[in-house]
Amino acid sequence: HITSVTNPIQAGIELPFAGKAQILGYCAVVELLANYVKKAPGYKAGDLLGASYYTDENNPLWISYQEKELNNGRLAMFAAIGQIA
């Protein structure tokens, strides 16, 4: 049972082995699936779901989608840095 929810380090230490195993197992499955997808013919970097297969590279909507995803990723990085700082 986790007693310290305000201290993430302490909560991680108190987490039972089964909980840690579930987290690591999930991360491992995601990494294995990503590596499997990357080996497919026609894979394009950053497109793990294969959405580029259904559209043209020069389609303005596709370009807009890629730019929005890039900006969201940048914002998430700044948010993570803000949480750490």
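Since the structure is predicted, the reported quantities are computational estimates derived from the model, not experimental observations.

Cut-offs and rules
Residues numbered from 1 in each chain as written. Predicted model: local features only at pLDDT ≥ 70, side-chain atom pairs only at ≥ 80, totals over all residues. Heavy atoms only, no water. Helix = DSSP H or I, 4+ residues; strand = E, 2+ residues; numbered from the N terminus. Rg over C-alpha atoms; globule rule 2.2 N^0.38 Å. Buried < 20%, exposed > 50% of the residue type's maximum accessible area, 1.4 Å probe, protein only. 1 Å grid on protein atoms, 1.4 Å probe; cavity = no way out; pocket = protein on both sides within 12 Å on 5 of 7 lines; lining within 4 Å. Points joined across faces, edges and corners; volume = space filled by probe spheres on them. Nonpolar A, V, L, I, M, F, W, Y, C, P; charged D, E, K, R; others polar. Expected span 1.5 Å × (residues − 1). Polar contact = N/O pair within 3.5 Å; in protein donor to acceptor, adjacent residues only side chain to side chain.

A.B. asks: Could you give an account of the overall build of the protein chain, with specific residues and numbers?
C.D. replies: Scanning the protein chain from N- to C-terminus turns up three helices and zero strands. Element order for the protein chain, N to C, with α for helix and β for strand: α-α-α. Over its C-alpha trace the protein chain gives a radius of gyration of 19 Å, far above what one expects of a compact globule, namely 12 Å for 85 residues. In the protein chain, which comprises 85 residues, the share counted as buried stands at 8%.

A.B. asks: An account of the layout of surface pockets is needed here, citing residue identities and associated values.
C.D. replies: The calculated volume of the largest pocket comes to roughly 280 Å³. In terms of lining, the largest pocket is formed by 13 residues, of which the most central are Gly 46, Asp 47, Trp 62, Tyr 65 and Gln 66. For the lining of the largest pocket, the per-class residue count stands at six nonpolar, three polar and four charged. The volume enclosed by the second largest pocket comes to roughly 180 Å³. When grouped by side-chain class, the residues that make up the lining of the second largest pocket number seven nonpolar, three polar and two charged.

A.B. asks: Any details on helix H3 (residues 60-84)? Residues and values, ideally.
C.D. replies: Residues spaced three or four apart along an α-helix point in a common direction, a consequence of the helix completing one turn every 3.6 residues. Between its first and last C-alpha atoms H3 spans 36 Å; for 25 residues at 1.5 Å apiece the expected length is 36 Å, and the two agree. Put simply, Asn 59 is the residue that caps the front of H3, since its side-chain oxygen is 3.0 Å from the backbone nitrogen of Leu 61.

A.B. asks: Requested: an account of the environment of Glu 14, with residues and values cited.
C.D. replies: Relative to the helices and strands, Glu 14 is located in helix H1 (residues 8-14). Along the primary structure Glu 14 and Asn 58 are separated by 44 residues, whereas in three dimensions their C-alpha atoms are 51 Å apart.

A.B. asks: Run through the environment of Gly 50, naming residues and quoting values.
C.D. replies: The residue Gly 50 is located in the loop between helix H2 (17-38) and H3 in this model. A C-alpha to C-alpha distance of 9.8 Å links Gly 50 and Lys 38, two positions twelve residues apart in sequence.

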